[in-house]
Amino acid sequence: KKEQLINELVSGISEIAKYFKGKPIWYRTSDIRTDEYRDLHGGEEEPKEDNPMMGWHGIRRSLDELEFLRAEFEAIKKVHKQGFTNVGVMLPMVISVDEVRKAKELMNEVGLEPLEEIEFGVMVETPAAVQVIDEICKEGIDFISFGSNDLTQFTLGIDRNNARLQHLWSEMHPAVLKEIAYVIKVCRENNVETSICGQAGSNPEMVEFLVKKGIDS
């Protein structure tokens, strides 16, 4: 049902975009986990994973199911044709430069040129993305957005849904702060915009830290 998916995306994205003319809007490509899909109509055949948070979702799944990702890019192309050229694309769960490169190649195939015609960026929510952020910047991106919940989860090795471990959970852990500070520094050196999403952005202590480190938004 490719056309139905494209039409739904175009309708939903353009409905939001019309209220934010002249302001950047970033569409995150599909990041629905297998356990979340199983709760939806038609999701019975989704694989059962021991740890869906670390499983088959984000850009890793999108590159396995290229027609789904192509449909998302085609929808964004149609949104741009409606005049909403301020809508960019953001890739979730990135762990390698190769993932970024392959997504850009597919985007070019549907007629969208990343960095030229459309803003293009990645989520930084894995320690791997932190470690290779310089290479990702040099591959060519406009922006990054910290996924603070997952970055904290994967850095500390703590399941964010496990109530027994919540007393150990903290986005203000020194290891997480060092990762964030490093990424902001590298991005500033490469003229890549930085921002944050997730619950950490509502923590005044974190906000003060981010501003001091030079985050853009």
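These numbers were taken from a predicted model, which means no experiment stands behind them.

This part is about the overall build of the protein chain. A count of helical and extended segments in the protein chain gives 10 helices and 5 strands. In terms of overall dimensions, the protein chain is globule-like: its C-alpha atoms have a radius of gyration of 17 Å, near the 17 Å expected for 217 residues. Each principal axis of the C-alpha distribution contributes one length, and for the protein chain these read about 45 × 45 × 35 Å. A buried classification covers 47% of the 217 residues belonging to the protein chain. Of all intrachain contacts in the protein chain linking residues separated by at least 6 positions in sequence, the fraction that spans at least 24 positions is 69%. Per element, the accessible surface of the protein chain, about 11,300 Å² overall, is 49% carbon and sulfur. Here the protein chain carries 26 positive and 39 negative side-chain charges, and the mean point of each set is 2 Å from the other.

The end-to-end C-alpha distance of helix α5 (residues 97-109), which contains 13 residues, comes to 19 Å, matching closely the 18 Å that a straight helix rising 1.5 Å per residue would cover. Contact partners of the buried residues in α5: α3 (59-64), α4 (66-81), β2 (87-91), β3 (120-124) and α7 (133-140). Looking one or two residues past α5, glycine 111 carries a phi angle of roughly 95°, positive in sign.

This part is about the packing of helix α9 (residues 174-189) against helix α10 (residues 204-213). With their axes 10 Å apart at the nearest point, α9 and α10 run at an angle of 30° to one another. Judged by the angle between their axes, α9 and α10 are roughly parallel. For the pair α9 and α10, the crossing hand works out as right-handed. Across from Leu177, Ile180, Ala181, Ile184 and Arg188 in α9, the residues of α10 making contact are Met206, Phe209, Leu210 and Lys213.

Ile144 and Phe146 are the most contacted members of the largest nonpolar core, which totals 55 residues. Top contributing element to this core by residue count: α9, with 8 residues. What phenylalanine 146 contacts, discounting residues up to four positions off in sequence, is Val124, Leu151, Ile180, Val183, Ile184, Ser195, Ile196, Cys197 and Ile215.

As for its placement among the helices and strands, aspartate 150 is situated in helix α8 (residues 148-156). Of note is the side chain of aspartate 150, whose polar atom sits 2.9 Å from the side chain of glutamine 153. When residues no more than four places from it in sequence are discounted, the contact partners of aspartate 150 are Met53, Glu125 and Arg160.

It is worth spelling out the environment of isoleucine 215 at this point. Considering the arrangement of structural elements, one finds isoleucine 215 in the segment after α10. Taking the C-alpha atoms as reference points, isoleucine 215 and alanine 181, separated by 34 residues in sequence, lie 8.9 Å from one another. Setting aside residues up to four positions removed in sequence, isoleucine 215 forms contacts with Phe146, Ile184, Thr194, Ser195, Ile196 and Leu210.

For a regular strand, side-chain orientation follows a simple rule: the groups alternate between the two sheet faces. Within strand β4 (residues 143-147), 5 of the 5 residues are buried, which leaves it mostly tucked inside the rest of the structure. Burial along β4 is two-sided: the face carrying Phe143, Ser145 and Gly147 and the face carrying Ile144 and Phe146 are both buried. Pairing geometry for β3 and β4, over 4 bridges, is parallel. By the bridge assignment for β4, valine 122 is matched with isoleucine 144. Here β4 runs beside strand β5 (residues 193-197); their pairing, made up of 5 bridges, is parallel.

On to α8, then. The α-helix winds at 3.6 residues per turn, so residues separated by three or four positions along the chain end up facing the same way. Residues of α8 that are buried: Ser148, Asp150, Leu151, Thr152, Gln153 and Phe154. Packed against the buried residues of α8 are β3, α6 (127-131), β4, α9 and β5. Just beyond α8, the residue with positive phi is glycine 157, at close to 65°.

For the rest of this paragraph, the subject is the pairing of strand β1 (residues 25-28). Along β1, the buried face is formed by Ile25 and Tyr27; none of Trp26 and Arg28, which line the opposite face, is buried. Pairing between β1 and β2: 4 bridges, direction parallel. Along β2, the bridge assignment pairs isoleucine 25 with valine 87.

Cut-off values and rules
Residue numbers run consecutively from 1 along every chain, following the written order of its sequence. Only residues with pLDDT of at least 70 are given local features in this predicted model, and only at 80 or more are side-chain atom pairs given and counted; all residues enter the totals for whole chains, interfaces and linings. To obtain the side-chain values, all non-hydrogen atoms of the structure were included, while hydrogens and water were left out. Strands here mean DSSP runs of E at least two residues long; helices mean DSSP runs of H or I at least four residues long; both are numbered from the N terminus. As defined in this context, the radius of gyration uses C-alpha atoms, and a globule is described by 2.2 Å times the residue total to the power 0.38. The cut-offs for exposure are 20% and 50% of the maximum accessible area for each residue type, with area from a 1.4 Å probe on protein chains only; residues under the lower value are buried, those over the upper are exposed, and the others partly exposed. Residue contacts are counted whenever heavy atoms from the two residues lie within 4.5 Å of one another. Computed with the Shrake-Rupley method and a 1.4 Å probe, the accessible areas treat only the protein chains shown as cover for residues. His is not counted, nor are the chain ends; Lys and Arg add positive charge and Asp and Glu add negative charge. For the purpose of locating charges, the reference atoms are NZ of Lys, CZ of Arg, CG of Asp and CD of Glu. Helix span, expected: 1.5 Å multiplied by one less than the number of residues in the helix. Only the stretch in contact is used when a helix axis is fitted, and all axes are lines through C-alpha atoms; the angle between N-to-C directions ranges over 0 to 180 degrees. Throughout, the term roughly parallel applies to angles under 35 degrees, roughly antiparallel to angles over 145, roughly perpendicular to angles from 65 to 115, and oblique to all others. With the far helix as reference, a near helix turned anticlockwise by less than a right angle produces a left-handed crossing, and one turned clockwise produces a right-handed crossing. For our purposes a nonpolar core is just a set of buried Ala, Val, Leu, Ile, Met, Phe, Trp, Tyr and Cys residues, chained together by side-chain atoms within 4.5 Å. Under this definition, polar contacts are N or O atom pairs within 3.5 Å; protein pairs additionally need one hydrogen-donor-capable and one acceptor-capable atom, and for neighbouring residues in sequence, both atoms have to be side-chain atoms. At least two DSSP bridges between two strands are required for those strands to pair.

Geometry only, nothing functional implied.
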